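Listed below, chain by chain, are the residues.
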Amino acid sequence: MGPRKEIQKKRRHDGEGSSRRNEPSHPLASWFNNPRAFETIITKWEKRKVVTPRYITYDFIVEHNYRNLTRIIEQQGFGTLVNMTNAYYPDLVSACTSHLKYSASNEGGYVECYVAGRYRVIPLDAIANLCGLSMEGHRFMGGIHAHESWGPYALQRGLNAIGYNDPIGERQRPSINKLSTEMRILHYLITYTLLSHGGNHGILRHDDILLMWAMLEGHKICWPFIMVQNMLKLQGRESKAIGYGPVWTRIFEYLRIGLDGYRKVEIGEDNCINEMTLKKIRRQLEQQGQGVDEVEEEVDRMEQEDQGHQQPQAQATMLDLVQEMRRMNENLQSFQIETRGQYQSMNTRIGRVERSVRAIHDHLGIHYEDVDEDED
């Protein structure tokens, strides 16, 4: 026999993978066949906040006689969506929203994403059925604020329609503090549930104003399409929170995805729009000296409901606050009258200057029509 050949063993250098694959320890690793996509989820989307929605009950709306809100919910058909209380899974919501795609079709469109290691196609009308929504209505193609049907001065007209009558500057952001309680509740439902987003929920965004205006005018809106477009919009904004957690839970159940072992968030009474929400709004109005009549109505209603249970000292304190607000309102009115007088005096001075300029132009033979043509 010849000499025995030595078997050379290959050494594995640092950074090289082994022939035996190690099982990934992250629970979302099995959801993606592409390691690069999984790495993107871990680095960019895993820590993104998911907005917990606010829900409202129909009995609460009827009890407080919110007629506009009742009419809007019945006409738009999102009563089921704004009353969702099922738990959601933030890690799974982030994973699905991160690579969501939408494709239009004659049947109404569909969304595409990887769910539990498989490529899924979910029809838009299936999402509508899961949320109790209709596929009919405006879709605002190209963006809500950019829709051509609004016309000129749409933002100011929308503000006037929802009860915000104060003028706003070019860079000023209107606040919900100027709205009535009913319009505030509608804004809560938009920013937390219908057009869910993070950030300051006390600011009226352009899309929020225009949607509120459209609903008050009775225009039907295709909410499944608006929701999907909002998800796609949030993909490119890494600093923004994402939403629709309960909606995704119903989609997972529709696809028969096992949810055991994933991080779970319950929706409790703290997220319900109820009497505590009204008390919070009332305190804000009292602090700002606005809405005196509305505060008095809320005080009278609460005194009637809690008659025999509230302490006399607490009632006296509340009445003192109302009286103080009345005095503040009277001071504000007197200040407005004084300011109006100064404004009229300024107009008189401007009129004198204008007449002097006209006299000089007439003396030099210059007419206003010629001046306007030169400026153009």
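Computed from a predicted model, the values in this text were never measured in an experiment.

1. Notes on the overall build of the protein chain
Point 1. Within the protein chain one finds 14 helices and three strands.
Point 2. Per-residue burial for the protein chain yields a buried fraction of 40% across its 376 residues.
Point 3. Of the accessible surface of the protein chain, which amounts to about 23700 Å², a share of 47% is contributed by carbon and sulfur atoms.

2. What about the confidence of the model for the protein chain?
Point 1. When pLDDT is averaged across the protein chain, the result is 77; 70% of the residues are at 70 or more.
Point 2. Contacts from residues 12-24, a stretch scored under 50 in pLDDT, to residues over four places away or in other chains number three contacts.
Point 3. Here residues 371-376 is a poorly scored stretch, pLDDT under 50, and it has one contact once near neighbours within four places are set aside; other chains count.

3. Some remarks on the side chain of R54
Point 1. Residue position: R54 is located in the loop between α1 (35-45) and α2 (58-63).
Point 2. Only 3.5 Å separates the side chain of R54 from the backbone oxygen of N271, close enough to count as a polar contact.
Point 3. Every residue in contact with R54, bar those within four places of it in the chain, is listed here: V82, L189, Y192, T193, N271, C272, I273 and T277.

4. Focus: a nonpolar patch on the surface
Point 1. A cluster of nonpolar side chains, contributed by Y114, Y119 and V121, occupies part of the molecular surface with about 290 Å² of accessible area.
Point 2. Assignment of secondary structure puts Y119 in strand β3 (residues 118-123).

5. Examining the packing of aromatic side chains
Point 1. Inspection of the entire model under this criterion finds five aromatic pairs.
Point 2. Note on F78 and W223: the rings are 5.7 Å apart at their centroids and 85° apart in plane angle, and the pair reads as edge-to-face. Taken together, the residues F78 in the loop between α3 (67-76) and α4 (90-98) and W223 in helix α9 (residues 223-235) connect sequence positions 145 residues apart.
Point 3. Note on F78: relative accessible area 0%, which makes it buried.
Point 4. Taking the relative accessible area as the measure of exposure, W223 reaches 1% and is therefore buried.
Point 5. The cationic tip of R54 hangs over the ring face of Y188; the distance from NZ or CZ to the ring centre is 5.3 Å.
Point 6. The ring of Y192 carries the charged tip of R54 above its face, separated from the ring centre by 5.3 Å.

Cut-offs and rules
- Residues numbered from 1 in each chain as written.
- Predicted model: local features only at pLDDT ≥ 70, side-chain atom pairs only at ≥ 80, totals over all residues.
- Heavy atoms only, no water.
- Helix = DSSP H or I, 4+ residues; strand = E, 2+ residues; numbered from the N terminus.
- Buried < 20%, exposed > 50% of the residue type's maximum accessible area, 1.4 Å probe, protein only.
- Areas by Shrake-Rupley, 256 points an atom, 1.4 Å probe, with all protein chains shown as cover.
- pLDDT = per-residue confidence, 0-100.
- Contact = heavy atoms within 4.5 Å.
- Polar contact = N/O pair within 3.5 Å; in protein donor to acceptor, adjacent residues only side chain to side chain.
- Patch = residues over 30% accessible without salt bridge, like charges linked within 9 Å, V, L, I, M, F, W, Y side chains within 5 Å.
- Salt bridge = Lys/Arg side-chain N within 4 Å of Asp/Glu carboxyl O.
- Phe/Tyr/Trp six-rings, centres within 6.5 Å; stacked < 30°, edge-to-face > 60°.
- Lys NZ or Arg CZ within 6 Å of the ring centre and 35° of its normal.

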